[in-house]
Amino acid sequence: MRKNERKDRGERRKIRILIVEDAAYMREMLEEMLNQQRDRYEIVGFAVNGREAVEKYKELKPDIVTMDLVMEVMDGIQAIKEIRKYDKRVKILVITALGTPEYEKASLEAGADACLWKPFTVKNLFEVLERLVEERGECGKGEE
């Protein structure tokens, strides 16, 4: 098995991330940030609204989803709920400019695992991602 071969060689499996963000500049910024650690993180796809996020999640099955809240078609809260119906184990990181206690509460109640308010730093992003990876377990879904 490929996963076991990697483990035997001491390599870590890349953490697969789906970026859900309607603003092109934010998608590009997240991509640039994550590419700073491309040996650790792999962007497997992008979605620009909640409906597309749910479809892409089912297709790509990433380890972590970054989720914007305010989007056309389906908002982030509804997308989180839909993804959670499909997979209870995925880690969802809300990244939003709506940094109010009400939005944080709504996000967490919907099933998000963490919230990161815009603007944020690369350091903030990687700290939260690593915490989510630790909570999820390094090896990912294949070893449930």
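Calculation criteria
- Residues numbered from 1 in each chain as written.
- Predicted model: local features only at pLDDT ≥ 70, side-chain atom pairs only at ≥ 80, totals over all residues.
- Heavy atoms only, no water.
- Helix = DSSP H or I, 4+ residues; strand = E, 2+ residues; numbered from the N terminus.
- Buried < 20%, exposed > 50% of the residue type's maximum accessible area, 1.4 Å probe, protein only.
- Pairing = 2+ DSSP bridges.
- Right-handed = clockwise from strand over helix to strand, strands pointing away.
- Polar contact = N/O pair within 3.5 Å; in protein donor to acceptor, adjacent residues only side chain to side chain.
- Contact = heavy atoms within 4.5 Å.

Caption draft 1: Structural view of unusual backbone geometry. Note that the residue after K118, namely P119, is joined by a cis bond; omega there is -5 degrees. Relative to the helices and strands, P119 is located in the loop between β5 (114–117) and α6 (122–136). Positioned with a positive phi, K61 is a non-glycine residue whose angle comes to about 45 degrees. Take K61: it is sitting in the loop between α3 (50–60) and β3 (64–67). Using a relative accessible area of 40% as the deciding quantity, one classes K61 as partly exposed.

Caption draft 2: Spatial organisation of the pairing of strand β1 (residues 15–20). Counting buried residues in β1 gives five out of six residues, a clear majority hidden from the surface. Inspection of the sheet shows β1 paired to strand β2 (residues 41–47) by six bridges, in the parallel sense. Paired with I19 across the bridge in β2 is F46. Crossover β1 to β2 through helix α2 (residues 24–35) is right-handed. Taken together, the four bridges between β1 and β3 define a ladder with parallel strand orientation. If you follow I17 over to β3, its bridge partner there is I64.

Caption draft 3: Local environment of the side chain of E21. Inspection of the secondary structure puts E21 in the loop between β1 and α2. Among the polar contacts made by the side chain of E21, one reaches the side chain of K118 at a distance of 3.1 Å. E21 has contacts with M26, R27, A47, V48, D68, I95 and K118, leaving out every residue within four places of it along the chain.

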